[in-house]
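Structural characterization, general
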Amino acid sequence: TTDLAGNTSTSSCSSPAVTVDTAAPDPVASVGWDGSAAYDTDGNLRVNWTASPSTDVASYKLEVYSDASCSSIDGTATTVNSSTYTADHTASSDGDYYFKVIPIDTAGNENVPSGCSITTKITVDTTAPNAATSLSWNEGTTHDSHTINASWTVSSSTDIASQTLRVHSNSSCS
């Protein structure tokens, strides 16, 4: 600062210093749905990941999508603190789900992945398959052998993994 007589004074430095940070933190690694199954039967999903190696991560944001191109977010994003490496999401309906885990540093910079986790898709299926129909014994009501044969019409559901025949010794099926 200079006065009219030409005298000058110097200001002291401001404290604390201001750090300018425009770089996004490093991405997370080893992301995946909790468990190893490709299907979920209750719609309560959990994603796990390994921390970003960046030392200035303040939080992580989980975004879950109902399409492989990550253009249709399911619900709202979940934000967790920097020491948490898991987040939960409740799926809005049956179908396929994908996700992004986004580290956010102390300056607010985000490392948004360019695509979804399409290699770790999970399918939510909370609907029981249609039951088999036309159950009958091939031998009729009286039979003199320990071997009996049953027949039925297979379920009309398109996602059948297996069908189980349970034989009961009474008509109440208990």
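Residues numbered from 1 in each chain as written. Predicted model: local features only at pLDDT ≥ 70, side-chain atom pairs only at ≥ 80, totals over all residues. Heavy atoms only, no water.

With that out of the way, let us pick up the side chain of Glu-63. Position of Glu-63 among the secondary structure elements: in strand β4 (residues 57-65). Reaching out from Glu-63, the side chain makes a polar contact with the side chain of Tyr-65 at a distance of 2.5 Å. Beyond its immediate stretch of four places on either side in the chain, Glu-63 contacts Ile-73, Ala-77, Tyr-98, Phe-99, Lys-100 and Ile-102. (Helix = DSSP H or I, 4+ residues; strand = E, 2+ residues; numbered from the N terminus. Polar contact = N/O pair within 3.5 Å; in protein donor to acceptor, adjacent residues only side chain to side chain. Contact = heavy atoms within 4.5 Å.)

A separate point is the sheet that holds strand β6 (residues 86-90). The strand order across the open sheet formed by three strands is β1-β3-β6, and the pairing between neighbours is antiparallel. Strands at the two margins of the open sheet, each flanked by one partner only, are β1 (29-33) and β6. In this sheet, adjacent strand axes meet at a mean angle of 15 degrees when their direction is disregarded. Relative to β6, strand β3 (residues 44-50) runs antiparallel, the two being bridged by five bridges. Each residue of the ladder has a partner; that of Arg-46, found in β6, is Asp-88. (Pairing = 2+ DSSP bridges. Axes fitted to C-alpha atoms, helices over the stretch in contact; angles between N-to-C directions.)

Right, let's talk about the nonpolar core for a bit. In terms of nonpolar packing, the biggest core is built from 17 residues, with Trp-33, Trp-49, Tyr-97 and Val-101 touching the most fellow members. Of all elements in the fold, only β3, β4, β7 (95-105) and β8 (122-124) reach the threshold of two or more residues within this core. Here this core takes four residues from β4, the largest share from any one element. Ignoring any residue separated from it by four or fewer positions in sequence, one finds Tyr-97 in contact with Trp-33, Leu-45, Val-64, Tyr-65, Ser-66, Asp-74, Ala-91, Ser-92, Thr-120, Lys-121, Ile-122 and Val-124. (Core = buried A, V, L, I, M, F, W, Y, C linked by side-chain atoms within 4.5 Å. Buried < 20%, exposed > 50% of the residue type's maximum accessible area, 1.4 Å probe, protein only.)

Per-residue confidence for the protein chain gives a mean pLDDT of 87; residues scoring 70 or more make up 96%. By mean pLDDT, the top-scoring element of the protein chain is β4 (95), and the lowest-scoring one is strand β9 (residues 133-137) (83). (pLDDT = per-residue confidence, 0-100.)

A word on the sheet that holds β4. One open sheet accounts for five strands, arranged β2-β8-β7-β4-β5; its pairing is mixed. Edge strands, defined here as strands with exactly one partner in the open sheet, are β2 (39-40) and β5 (78-81). Relative to β8, β7 is paired through three bridges, and the arrangement is antiparallel. Residue pairing for β8: Gly-95 is matched across the bridge by Val-124.

Our focus in this paragraph is the packing of aromatic side chains. Tallied over the full model, the rule gives three aromatic pairs. Seen from their ring centres, Tyr-60 and Tyr-85 are 6.0 Å apart, and the 70 degrees between their planes marks the pair as edge-to-face. In this pair, Tyr-60 sits in strand β4 while Tyr-85 sits in the loop between β5 and β6, placing the two residues 25 residues apart along the sequence. Using a relative accessible area of 36% as the deciding quantity, one classes Tyr-85 as partly exposed. (Phe/Tyr/Trp six-rings, centres within 6.5 Å; stacked < 30°, edge-to-face > 60°.)

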